[in-house]
Amino acid sequence: MSYNRPIVLSIAGFDPTGGAGVLADVKTFEQHHCLGMAVLTSNTNQTETDFISVDWFEKDLILNQLIPILKNYQISAVKIGIIENLDTLSAVLALVKASFPLVPIVWDPVLSASSGFELHASWNPESFREVLKLVSLITPNENEVKRITQTEDEIEAAFQLAQFTQVLLKGGHSSVRLGVDLLFEGGIPREIPPKTDPEKCLPKHGSGCILSAAIASNMALGENMLDACQKAKHYIEKRLASNPHLLAYHAE
């Protein structure tokens, strides 16, 4: 089935507020003039301030949602959010790669909710490295990259992940380069500085989801990795400045 817009697929959780998860992803896809689709990995019970619980979907249930999408539509990019474990993620990636070997895949490795709710205690390092080889980009923040690698220096931690895939180290939580993202795409990391006045950028629920979805959208539109990340950063800054509350406005 053919459309005039690239199709971008979100594989992530459901957030009733629409601030994060598949609802936020699809909003972002549509604002980039892409056609958004979604496969659910979980149902979360939360508001923009409180994460109460998560009900994970079994692997087969996720794959059963995914199979007809991959069979019937030409997918131009994939964004992956929260998922229960690496075994499920590996099965999802294998299925996507079998249908679209070259499709760009952006993974936002969410370890905990902004409210502090822990989604994952740890991941097996060897399995994690194998998963990284199957994705195009991973988008951790300072806390996530340190926890994933068990390394206290965020730059060294990002370099470790960059041995296996490309890494966008987000600067929103950084203690040394606040607001400046670093793209590890082989060799020396490239800085992606903010364009919007930081005082206008207020915290938003789901900002990591939105950023990674915007990167996937830009890649679906044919942008290279650096340009996709730069444009996505500008998009999330506009969302952060869209209102004084925790839920972003996507439409201008």
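Residues numbered from 1 in each chain as written. Predicted model: local features only at pLDDT ≥ 70, side-chain atom pairs only at ≥ 80, totals over all residues. Heavy atoms only, no water.

Draft legend 1. Here's a closer look at the overall build of the protein. Looking only at helices and strands, one finds 8 helices and 9 strands in the protein. Overall, the C-alpha framework of the protein stretches about 45 × 40 × 40 Å when taken along its three principal axes. Buried residues in the protein amount to 52% of all 252 residues. Relative to all contacts within the protein whose residues are 6 or more apart in sequence, the contacts with residues 24 or more apart total 68%. Taken as two groups, the 20 positive and 29 negative side-chain charges of the protein have centres that lie 6 Å from each other. (Helix = DSSP H or I, 4+ residues; strand = E, 2+ residues; numbered from the N terminus. Buried < 20%, exposed > 50% of the residue type's maximum accessible area, 1.4 Å probe, protein only. Contact = heavy atoms within 4.5 Å. Lys, Arg positive; Asp, Glu negative; His and termini not counted. Charge placed at Lys NZ, Arg CZ, Asp CG, Glu CD.)

Draft legend 2. Expanded view of the side chain of threonine 165. Structurally, threonine 165 can be placed in the loop between helix H6 (154-161) and strand S7 (166-169). Polar contacts involving the side chain of threonine 165 include one to the main-chain carbonyl oxygen of valine 135, which spans 2.8 Å. Of the polar contacts made by the side chain of threonine 165, one reaches the backbone oxygen of serine 136; its length is 3.4 Å. Ignoring anything within four residues of it in the chain, the contact list for threonine 165 reads Leu132, Val135, Ser136, Leu137 and Ile138. (Polar contact = N/O pair within 3.5 Å; in protein donor to acceptor, adjacent residues only side chain to side chain.)

Draft legend 3. Fine view of helix H1 (residues 21-31). Along H1, the residues that are buried comprise Gly21, Val22, Ala24, Asp25, Thr28 and Phe29. Along the axis of H1, the buried residues cluster in a sector spanning 160°; they form a single face. Tucked inside the fold, the buried residues of H1 contact strand S1 (7-14), strand S2 (35-46), strand S4 (75-80), helix H7 (207-220) and helix H8 (225-240). Looking one or two residues beyond H1, the residue adopting positive phi is histidine 33, at roughly 65°. (Arc of directions from axis to C-beta.)

Taken by themselves, the reported measurements are silent on function.
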